[in-house]
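# Per-entry structural report
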Amino acid sequence: MIFRFLIPAIAVSGMALSGCQTHKPIAMSVAATPTSPNIQHGDVLAPQRTAGQDIPALRGNEIATIRTYEYTKKNDSDFSTRSEIEAVDCVLESDGYKASIKTPAQVRVPDYGYASRPISVRCTATGYRPGVANVVAVNKSADQRMSSGSNAGLAGIVVMAVVNAASDQKKDDFVYPPINVTMNRIGCETSKVTCR
């Protein structure tokens, strides 16, 4: 049972290790636009809350960072390497809001803590197949507790897993991980790189 709580911590540490790559500077920063004209103060889930769904009051904004990548190969003996590509047109969508951007970009999205909705991003560029990526908000508070527990070794991780299991996630902070969209060139199935 405890191993169920270890998996997110291992995944987060893996993301941290893969974050050593140099990123392109953010090209634009925009706020998501409500899809309904009747939304006030950016509270896009107010209608669902009024209808009785378990959705807290709007906490403010969270930042979603979107980047686009392609895999390239110099010659037959090289491994494929991931390179960031810029100025790709993307549309970010979620329950109650959307935004149009060019990568790399940041979008301010509504923060509902544990009730924050999944985000989908679809990107298009000439010469590429459309790329799609989906993310869900992760429990930042629980991850921080696991990280502090890891300083005490396996025993600390076990203790923090128990603490996380007993904690009220409704009081925790949630964030969106980076949204990385892989763009495959048209004809990738016959290329040396292949499709990803």
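Summary of the structure given here. (Residues numbered from 1 in each chain as written. Predicted model: local features only at pLDDT ≥ 70, side-chain atom pairs only at ≥ 80, totals over all residues. Heavy atoms only, no water.)

## So, the nonpolar core
Which entries qualify depends on this criterion: What is meant by a nonpolar core is a set of buried Ala, Val, Leu, Ile, Met, Phe, Trp, Tyr and Cys residues, joined one to another through side-chain atoms within 4.5 Å. Type-normalised accessible area, obtained with a 1.4 Å probe on protein chains alone, sets the label of each residue: buried when under 20%, exposed when over 50%, and partly exposed for intermediate values. In DSSP terms, a helix is any run of H or I states spanning at least four residues, a strand is any run of E spanning at least two, and both are numbered starting from the N terminus. A contact between two residues is defined here by any heavy atoms of the two lying within 4.5 Å.
Leu-92, Val-109, Ile-119, Val-121 and Ile-179 are the most contacted members of the largest nonpolar core, which has 32 residues in total. If you list the elements that add at least two residues to this core, you get β3 (60–72), β5 (89–94), β6 (97–102), β7 (105–111), β8 (119–124), β9 (131–135) and β12 (179–182). If we ignore the near neighbours within four places in the chain, the residues touching Ile-179 are Ala-64, Thr-65, Ile-66, Arg-67, Leu-92, Ile-119, Val-121, Ala-133 and Val-135.

## Points about the pairing of β6
Where a strand is regular, its side chains alternate between the two sheet faces. So the rule is basically this: A pair of strands is considered paired only if DSSP assigns at least 2 bridges between the two.
Side-chain alternation along β6 places Tyr-97, Ala-99 and Ile-101 on a buried face and Lys-98, Ser-100 and Lys-102 on a face that remains uncovered. Pairing of strand β2 (residues 33–34) with β6 involves 2 bridges; the strand directions are antiparallel. By the bridge assignment, Thr-33 is partnered in β6 with Lys-98. In this antiparallel pair of consecutive strands, β5 and β6, the connection spans 2 residues, and Gly-96 shows a positive phi of 100°.

## Quick word on the pairing of β5
Of the two faces of β5, the one holding Cys-90, Leu-92 and Ser-94 is buried and the one holding Asp-89, Val-91 and Glu-93 is not buried anywhere. Bridge count for β5 against β6 is 6 bridges, and the pairing is antiparallel. Bridge assignment links Val-91 to a residue of β6, and that residue is Ser-100. Pairing of β5 with β8 involves 5 bridges; the strand directions are antiparallel. Directly across from Glu-93, in β8, lies its bridge partner Ser-120.

Scope: geometric values only; no functional claims are made or implied.
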